[in-house]
Amino acid sequence: VSTQSTWAHFTFSASGGQLMVVDLQGVEDEETGTHFLTDPQIHRRQTTAGTMHALGDLGDKGIDRFFQAHECNPICEALHLGAAAPSDRRGTAVPAPTTVQPHVK
């Protein structure tokens with residue numbers, strides 16, 4: 001299961017289909033076992049034709065490319081993210097953001 005892919009899907013849903021956080025990198029602190037995620041890239045809906053917010057922001061094209069390759073997994077299903085149809089990628093039929101409750105034992 002790709003946690004990074006699930007995270008990207010979650011950020012798309014939580015933003016109401018307006019952006020997606022992708023391309024996370026990370027390192028582990030060997031002493032504590034803590035993982036640090038760095039270098040996020042954000043794909044945002046383009047508000048004006050051709051407008052990009054950063055060099056790596058591929059806008060709608062980046063969002064579409066992600067969903068062409070993404071396969072929902074058990075984590076996506078547990079978060080009720082659902083598969084994104086083409087209309088979702090255009091910001092017209094995005095489900096309500098999912099609230100994630102921490103699981104405490």
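Residues numbered from 1 in each chain as written. Predicted model: local features only at pLDDT ≥ 70, side-chain atom pairs only at ≥ 80, totals over all residues. Heavy atoms only, no water.

Novice: Got a minute to help me understand the pairing of strand β3 (residues 34-38) in this structure?
Specialist: Within a regular beta strand, the side chains point alternately toward one face of the sheet and then the other, so they alternate between its two faces. Here strand β2 (residues 25-29) runs beside β3; their pairing, made up of five bridges, is antiparallel. Directly across from Gly26, in β3, lies its bridge partner Leu37. Turn length for the β2-β3 hairpin, with the two strands adjacent in sequence and antiparallel, is four residues, and the turn residue Gly33 shows positive phi of about 75°. (Pairing = 2+ DSSP bridges. Helix = DSSP H or I, 4+ residues; strand = E, 2+ residues; numbered from the N terminus.)

Novice: How should I be thinking about the packing of aromatic side chains in this particular structure?
Specialist: For the structure shown, the criterion picks out three aromatic pairs. Ring geometry for Phe12 against Phe67: centres 5.0 Å apart, planes inclined by 70°, an arrangement best described as edge-to-face. Here Phe12, found in helix α1 (residues 3-14), pairs with Phe67, found in helix α2 (residues 59-69); they are 55 residues apart in sequence, far enough to count as distant. For the pair Phe12 and Phe67, a shared accessibility class is recorded, and that class is buried. (Phe/Tyr/Trp six-rings, centres within 6.5 Å; stacked < 30°, edge-to-face > 60°. Buried < 20%, exposed > 50% of the residue type's maximum accessible area, 1.4 Å probe, protein only.)

Function cannot be inferred from these measures alone, as they are strictly geometric.
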